[in-house]
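A closer look at the structure
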Amino acid sequence: MRWWDIAPVLELEHDLFPEDAWSAGMFWSELAHARGPQATRRYVVAETPDGRIVGYAGLAAAGDLADVQTIAAARDQWGTGLGARLLTDLLRAATAFECAEVLLEVRVDNTRAQKLYERFGFEPIGFRRGYYQPGNVDALVMRLTDPAQARTESSESNG
């Protein structure tokens with residue numbers, strides 16, 4: 001993801017997450033840590049052949065721990081495998097950052113995303129009550145150990 005992707009990503013963000021969408025400032029802040037030799041973030045976008053952004057994802061790394069910050073696919077891309085491709089890219093980045101574990105939070109009512117994460121080997125480890133505001137929706141916290149191995153297993157099972 002580059003700075004010029006922020007406006008179209010925000011459109012998608014507000015469509016998919018109307019109650020708790022990230023602001024432009026949040027994306028700018030994350031991208032500030034995604035370049036150069038001291039980078040601790042990985043942000044990517046997925047585009048159609050005509051250049052329309054249909055997905056994006058981001059990961060933050062600190063020491064041997066990575067955290068999936070965001071992952072989203074346009075509604076017309078659901079069921080196409082785009083979410084799995086984005087997650088695979090993030091797990092490759094976690095491996096490159098030499099992270100031993102990857103954490104994420106997912107809305108308790110987002111079963112589609114939970115199933116994707118489970119396919120990759122993420123396991124539930126707890127809840128964060130009222131994490132998503134202003135809707136006061138709980139987050140399920142999930143953890144993946146050994147992201148390099150999980151990525152390999154998922155790609156083998158997806159053919």
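The structure this text deals with has already been given above.
Definitions and cut-offs
- Residues numbered from 1 in each chain as written.
- Predicted model: local features only at pLDDT ≥ 70, side-chain atom pairs only at ≥ 80, totals over all residues.
- Heavy atoms only, no water.
- Pairing = 2+ DSSP bridges.
- Helix = DSSP H or I, 4+ residues; strand = E, 2+ residues; numbered from the N terminus.
- Axes fitted to C-alpha atoms, helices over the stretch in contact; angles between N-to-C directions.
- Contact = heavy atoms within 4.5 Å.
- Buried < 20%, exposed > 50% of the residue type's maximum accessible area, 1.4 Å probe, protein only.
- Phe/Tyr/Trp six-rings, centres within 6.5 Å; stacked < 30°, edge-to-face > 60°.
- Lys NZ or Arg CZ within 6 Å of the ring centre and 35° of its normal.

On the basis of which strands lie adjacent, the open sheet formed by six strands has the order β1-β2-β3-β4-β6-β5 and mixed pairing. If you trace the sheet from one side to the other, it starts and ends with β1 (41-47) and β5 (123-132), each paired once. For this sheet the average axis-to-axis angle between neighbouring strands, irrespective of direction, equals 20 degrees. For β1 and strand β2 (residues 53-62), the ladder comprises seven bridges, and the chain directions are antiparallel. The residue of β2 that forms the bridge with Glu 47 is Ile 53. In the packing of helix α4 (residues 111-119) onto the sheet, the strands contacted are β3 (65-73), β4 (101-107) and β6 (137-145), and the crossing angle to β4 comes to about 165 degrees.

This paragraph deals with the side chain of Thr 70. Mapped onto the elements, Thr 70 comes out in strand β3. In this structure Thr 70 comes out as buried when scored by relative accessible area, which is 8%. Contacts of Thr 70, omitting those with residues within four sequence positions, involve Glu 13, Trp 22, Tyr 43, Tyr 56, Ala 57, Gly 58 and Leu 90.

What follows deals with the packing of aromatic side chains. Summed over all chains, the structure comprises five aromatic pairs. With centroids separated by 4.9 Å and ring planes inclined at 85 degrees, the aromatic side chains of Tyr 131 and Tyr 132 adopt a geometry described as edge-to-face. Taking the ring centre of Tyr 132 as reference, the NZ or CZ of Arg 107 above it sits at 5.7 Å.

With that out of the way, let us pick up the pairing of β5. As defined by bridge partners, β5 adjoins β6 across six bridges and the pair is classed as antiparallel. Note on β6: the bridge partner recorded for Pro 124 is Met 142. Hairpin connection between β5 and β6: a loop of four residues separates the two successive antiparallel strands, and Asn 136 in this loop has a positive phi of roughly 55 degrees.

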